[in-house]
Amino acid sequence: MLNIDMRKIYNFYPVEPAPDAGNLPTGGDIYYECLDCQMVVNSVPHIKAACACGNLSGGAGDLVVKNPQRVRVVRGKLK
Ligand SMILES: [Zn+2]
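The rules behind each value
Residues numbered from 1 in each chain as written. Predicted model: local features only at pLDDT ≥ 70, side-chain atom pairs only at ≥ 80, totals over all residues. Heavy atoms only, no water. Salt bridge = Lys/Arg side-chain N within 4 Å of Asp/Glu carboxyl O. Helix = DSSP H or I, 4+ residues; strand = E, 2+ residues; numbered from the N terminus. Buried < 20%, exposed > 50% of the residue type's maximum accessible area, 1.4 Å probe, protein only. Polar contact = N/O pair within 3.5 Å; in protein donor to acceptor, adjacent residues only side chain to side chain. Contact = heavy atoms within 4.5 Å.

Considerations on the pattern of salt bridges
Enumeration according to the criterion identifies four salt bridges in this entry. Note that E33 is salt-bridged to R7, the shortest N-O span being 3.1 Å. With E33 in strand β2 (residues 30–34) and R7 in the segment before β1 (10–14), this residue pair connects regions lying 26 residues apart in the sequence. Judged by its relative accessible area of 12%, E33 is buried. Between D36 and R70 there is a salt bridge whose closest N-O contact spans 2.8 Å. Of this pair, D36 sits in the loop between β2 and β3 (40–42) while R70 sits in the loop between β6 (62–65) and β7 (71–78), and the two are 34 residues apart along the sequence. For D36, a relative accessible area of 42% translates into the label partly exposed. Because the salt bridges share partners, they merge into one network encompassing R7, E33 and R72.

Structure, rendered in structure tokens:
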């Protein structure tokens, strides 16, 4: 598992208006910030990725969100 701090590489901006938790958008520049552990994971992770608390985990282009209510959708831009 790779746990690099994405904030060192990207600036993240909340997607407004906040998407519905039941219908989270995905995309190469869309990231989910876990509100429980504050880690940021890409919404379509190509490599194995997970947040520290396990709310977000995925790989091979699929991300599983255990509790979408505890996710903030953000857009990442390379610094
Ligand atoms: Zn988490």
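Here we look at the side chain of N42
Looking at where N42 falls in the secondary structure, it is placed in strand β3. Here N42 falls in the buried class, since its relative accessible area comes to 14%. Polar contacts involving the side chain of N42 include one to the side chain of Y31, which spans 3.5 Å. Those residues in contact with N42 that lie beyond four places of it in its chain are G27, G28, I30, Y31 and L63.

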